[in-house]
Amino acid sequence: MSGLPGAGTSPSLGEASDLKFPLGAKFREPLTEARFQRLFGDAEQAPELLAEPRSSRLCRRWRRLASACSGPGAWRLLRARLPPLRWLPHYRWRAWLLGDAVAGVTVGIVHVPQGMAFALLTSVPPVFGLYTSFFPVLIYTLLGTGRHLSTGTFAVLSLMTGSAVERLVPEPLGGNLSGIEREQLDAQRVGSAAALAFGSGALMLGMFALQLGVLSTFLSEPVVKALTSGAALHVLVSQLPSLLGLPLPRQIGCFSLFKTLAAVLTALPRSSPAELTISALSLALLVPVKELNVRFRDKLPTPIPGEIVMVLLASVLCFTSSLDTRYNVQIVGLLPGGFPQPHLPDLAELPRILADSLPIALVTFAVSASLASIYADKYSYTIDSNQELLAHGISNLISSLFSCFPNSATLATTSLLVDAGGNTQLAGLFSCIVVLSVLLWLGPFFYYLPKAVLACINISSMRQMFFQMQELPQLWRISRMDFAVWMVTWVAVVILSVDLGLAVGVVFSMMTVVCRTQRVQCLALGLAEGTELYRPLEESHKLLKVPGLCILRYPTPLYFGTRGQFRRILEWHLGLGEGRKETPKLDGPPDAVAEPVRVVVLDCSGITFADAAGAREVVQLARRCRDAGIHLLLAQCNASVLGTLTQAGLLDRVTPEQLFVSVQDAAAHALERLEPTGPKTCTVWV
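Values in this document were obtained by computation on a predicted structure and should not be read as measured data. (Residues numbered from 1 in each chain as written. Predicted model: local features only at pLDDT ≥ 70, side-chain atom pairs only at ≥ 80, totals over all residues. Heavy atoms only, no water.)

Section: the packing of helix α27 (residues 563-574) against helix α29 (residues 612-627)
Test applied: Axis geometry follows a simple rule: fit a line to the C-alpha atoms, using only the stretch in contact for helices, then measure angles between N-to-C directions, giving values from 0 to 180 degrees. Helix and strand definitions follow DSSP, with helices as H or I runs of at least four residues and strands as E runs of at least two, each counted in order from the N terminus. Roughly parallel means an angle under 35 degrees; roughly antiparallel means over 145; roughly perpendicular covers 65 to 115; every other angle is labelled oblique. With the far helix as reference, a near helix turned anticlockwise by less than a right angle produces a left-handed crossing, and one turned clockwise produces a right-handed crossing. The contact rule is simple, with two residues in contact once any of their heavy atoms fall within 4.5 Å. Note on residue classes: Ala, Val, Leu, Ile, Met, Phe, Trp, Tyr, Cys and Pro are nonpolar, Asp, Glu, Lys and Arg are charged, and everything else, Gly too, is polar.
For the pair α27 and α29, the least separation of the axes is 10 Å and the interaxial angle reads 20°. With respect to α29, the axis of α27 lies roughly parallel. As for the relative orientation of α27 and α29, their crossing is right-handed in sense. Within the contact between the two elements, α27 uses Arg563, Phe566, Arg567, Leu570, Glu571 and Leu574 and α29 uses Ala613, Glu617, Val618, Leu621, Arg624 and Cys625. Per-class residue counts for the contact of α27 with α29 are seven nonpolar, no polar and five charged.

This is the structure in structure tokens:
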């Protein structure tokens, strides 16, 4: 007994002629799917759409593509692929330019020491971190849709790339390399890192061509946050040798974190007091400055650039005290001026690095898309996930020609850009100007910079990732399943490695979704007296139960994984076969099937999709109900599910008059069938 939208107005006479009561009256006739299609005009169009040959659909798609080759179509395509053509004409120069300039310069100042620090994490010379802080930022400014996104070097990607580089180009066991041998080793590692950037960029471009931006949804928020938190711990441990001045080989593979800790503890007596002192003083300055920037972000006109201050102080101290010669402190050395000659990475390396490029591409896109979405929601604009794939794919692909390693959006600099007043992608241009000035003119000033300071910058930049663990108590209260996903991913990342931990987290996250579809409650419904509402019988003992009538709601997709459960639950409720005896207890009141069922209404509104196995299960149910003398009615099937059931042969088992548009309509029809002495016309209250 249900009201329909728009029931207060009567249809035209032609439309109402098929109904015994007009829709504007208090009662109307139950609507089957077939009658609904006849009344509202889709009865003739739907079969044509279903019967449309594949060639016609391909021709229609080709015509849409051809229309893009026209002048207006080409302009629309150009505006879609070059976002500045959309936002630059509407740029508010007086209101936004100063904020973008200040934010861009601030982020650029941070990019300089952070880029060099993350280059060491990638196992390449520091100058290549500056290249990676320039070219990708410039390209994303032209192609990205995230107005507040800051791209460049990212600790998690640097860690993953460094592990792959160390495995592909290991350091000789002796470790005592001459200057020429060290240059050759660095050149090979730079080539491998650039090949990884090329491979990950190519993969993202392939994903863009297939319009797979939706894949970002499979890396859920708990997986991404656990991944970055676990990777932050790897970064911390991997930087301990640099903090202590220990020339230890980098550990890679599973359990690398524990191997590094064991090596550091073993070699601890050989640590350098000078580098240990530098590290302690650097952390004593960087950590409080980070805290001040966070606590007083609303009061500070711009965040305090603690990294660049530390770099300048350490460089001056090392130069005036000759720490590199007197105490053998490791320094950055000469930064080559200008840019490297563009060249293709060694394509012969691609088969070897493909397995490493895939997780790097996924992490790049997942972190960048999630960050862009967060700030897009905060500032009320939209991003295009497929365009983000294109932007980051081209960014990695082109920058690899200039010997850059994989890059993505970064948590720390994105937050810094927003806090400094950035408004649009134009801030990236000002950031590039700062990095460019270092590459062209200011590079020699960093000659005496101790590498221990860069290690401290790496560790201090992990602050935001470590503090993500503070969200765990709230996550436990909201969803314990998401809490389990977070913990499993984090433990896998810490114990195994970042890429294997990512795989474990994604698989476990998907398994939780599958398992939740296996633990659904098939609800028996009853009528709330005096209303048209059907509610689960377990909610109240006052709900009306009609003898011989069973109304069931199955609220989950019907596919190969749930077909067995669907069969057992329906057997139990309807008393078919041995299902009731095998399953002593299921959700729902035990008396719901106490009397023989003569009519069953299956509410399909919760079945969002059905595959071939699930559809065949419904067809088998219809056959068994017919053999048992049970009248089966289906209600509220969406078009996709109804089409799948029809193709599976449902209409060979039931008639179109057994398919209804709502549970209320199906229940009204069932009451008429159960009470043949009642009114000849069953009606629905509107």
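Here we look at the packing of aromatic side chains
Defined as follows: The criterion for an aromatic pair is that two Phe, Tyr or Trp rings (for Trp, the six-membered ring) have centres within 6.5 Å, with stacked assigned to planes under 30 degrees apart, edge-to-face to planes over 60 apart and tilted to the rest. Whether a residue is buried, partly exposed or exposed follows from its accessible area with a 1.4 Å probe, protein chains only, as a fraction of its type maximum: under 20%, in between, or over 50%, in that order. A ring has a charge above it when a Lys NZ or an Arg CZ is no more than 6 Å from the ring centre and no more than 35 degrees off the ring normal.
Enumeration according to the criterion identifies 14 aromatic pairs in this entry. Measuring from centroid to centroid gives 5.3 Å for Phe134 and Phe339, while their planes differ by 35°, and the two rings are tilted. Of this pair, Phe134 sits in the loop between α8 (127-132) and α9 (135-143) while Phe339 is found in the loop between α17 (323-326) and α18 (350-378), placing the two residues 205 residues apart along the sequence. By relative accessible area, Phe134 is classed as buried at 10%. What makes Phe339 partly exposed here is its relative accessible area of 35%. Here the aromatic residues Trp87, Tyr91, Trp93 and Trp96 are joined through ring pairs into a cluster of three or more. Across the ring face of Tyr381, the terminal group of Arg147 is positioned such that the distance to the ring centre comes to 4.6 Å. Above the plane of the ring of Phe467 lies Arg463, whose end atom (NZ or CZ) is 4.4 Å from the centre.

Here's the deal with the environment of Leu212
Counting through the fold element by element, Leu212 comes out in the loop between α11 (179-209) and α12 (221-238). Residues Leu212 and Leu389, 177 residues apart in the sequence, show an inter-C-alpha distance of 8.5 Å. When residues no more than four places from it in sequence are discounted, the contact partners of Leu212 are Met207, Asn386 and Leu389.

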